[in-house]
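Residue-level structure breakdown
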Amino acid sequence: QVQLVESGGGLVQAGGSLRLSCAASGSIFSISSMGWYRQPSGKQRELVAAITSGGSTNYADSVKGRFTISRDNAKNTVYLQMNSLKPEDTAVYYCNVRGAVGVTATRQYFWGKGSLVTVSS
């Protein structure tokens, strides 16, 4: 079993900051990519930011310069620091992790349950 536990969502005023965390545990190992997606109400899920095991990062254009993704490989945890938040950042944020499971080391993607971020104007 693999568990992704997210924390840090909530309500914040425009211009404020929040930090999301996602810790992976269970039978997952050799974690490669870790990332955050978001899904605004009534819209499709979209990539926000991703980070490789080597630390290379990728961001959606809409969050560049405001959000920072980081990871702690020893804790199998990925973070998303969100600054200068805007009402359009309101969404459910999902953690996504790719790693190996089982004796065959099959690589799979795993999703967190989601964390609601609401930015008021």
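Shown above is the structure to which this text applies.
Described below are features of the structure shown in this document. Just so it is clear, the model here is predicted, and its values are computed rather than measured.

Turning next to the sheet that holds strand 7 (residues 67–72). The strand order across the open sheet built from 4 strands is 1-3-8-7, with neighbouring strands paired in antiparallel fashion. Two strands close off the open sheet at either side, each with one partner strand: strand 1 (2–7) and strand 7. If you compare each strand with its neighbour and ignore which way they point, the axes differ by 15° on average.

One non-glycine residue with positive phi stands out, namely Asn76, at about 50°. Residue position: Asn76 is located in the loop between strand 7 and strand 8 (77–82). The class for Asn76 is partly exposed, based on a relative accessible area of 25%.

Moving on, we get to the environment of Lys86. Positionally, Lys86 belongs in the loop between strand 8 and strand 9 (91–101). Residue classification places Lys86 among the partly exposed positions, given a relative accessible area of 34%. The spatial distance from the C-alpha of Lys86 to the C-alpha of Arg66 is 10.0 Å, given a sequence separation of 20 residues. If sequence neighbours within four positions are ignored, Lys86 has contacts with Arg66 and Val119.

Sheet analysis places strand 4 (residues 34–39) next to strand 5 (residues 46–51), joined by 5 bridges and oriented antiparallel. Bridge pairing in strand 5 places Arg38 opposite Glu46. Hairpin connection from strand 4 to strand 5: 6 residues lie between these consecutive antiparallel strands, with Gly42 at a positive phi of about 80°. Note that strand 4 and strand 9 share 6 bridges and pair antiparallel. Each bridged residue has a counterpart across the sheet, and for Met34 the counterpart in strand 9 is Val97.

Take the environment of Gly102 next. Looking at the secondary structure, you find Gly102 in the loop between strand 9 and strand 10 (106–111). Distance from Gly102 to Ala24, taken between C-alpha atoms, is 15 Å for residues 78 residues apart in sequence.

Here we take up the packing of aromatic side chains. A complete count under the given rule lists 1 aromatic pair for this structure. Relative to Trp111, the ring of Tyr37 lies with its centre 5.0 Å away and its plane at 65°, an arrangement referred to as edge-to-face. Of this pair, Tyr37 sits in strand 4 while Trp111 sits in strand 10, and the two are 74 residues apart along the sequence. Its guanidinium or amino end placed over the ring of Tyr79, Arg19 lies 4.1 Å from that ring's centre, counting from NZ or CZ. Directly above the ring of Tyr94 sits Arg45, whose terminal nitrogen or CZ lies 3.7 Å from the centroid.

Mapped onto the secondary structure, Arg38 falls in strand 4. Residue classification places Arg38 among the buried positions, given a relative accessible area of 5%. Not counting chain neighbours up to four residues away, the residues in contact with Arg38 comprise Gln44, Arg45, Glu46, Val48, Ser62, Val63, Phe67, Glu88, Asp89, Ala91, Val92 and Tyr93. Within polar-contact distance, the side chain of Arg38 engages the side chain of Ser62 at 3.3 Å. A distance of 3.0 Å separates the side chain of Arg38 from the side chain of Tyr93, its partner in a polar contact.

Procedures and definitions
- Residues numbered from 1 in each chain as written.
- Predicted model: local features only at pLDDT ≥ 70, side-chain atom pairs only at ≥ 80, totals over all residues.
- Heavy atoms only, no water.
- Pairing = 2+ DSSP bridges.
- Helix = DSSP H or I, 4+ residues; strand = E, 2+ residues; numbered from the N terminus.
- Axes fitted to C-alpha atoms, helices over the stretch in contact; angles between N-to-C directions.
- Buried < 20%, exposed > 50% of the residue type's maximum accessible area, 1.4 Å probe, protein only.
- Contact = heavy atoms within 4.5 Å.
- Phe/Tyr/Trp six-rings, centres within 6.5 Å; stacked < 30°, edge-to-face > 60°.
- Lys NZ or Arg CZ within 6 Å of the ring centre and 35° of its normal.
- Polar contact = N/O pair within 3.5 Å; in protein donor to acceptor, adjacent residues only side chain to side chain.

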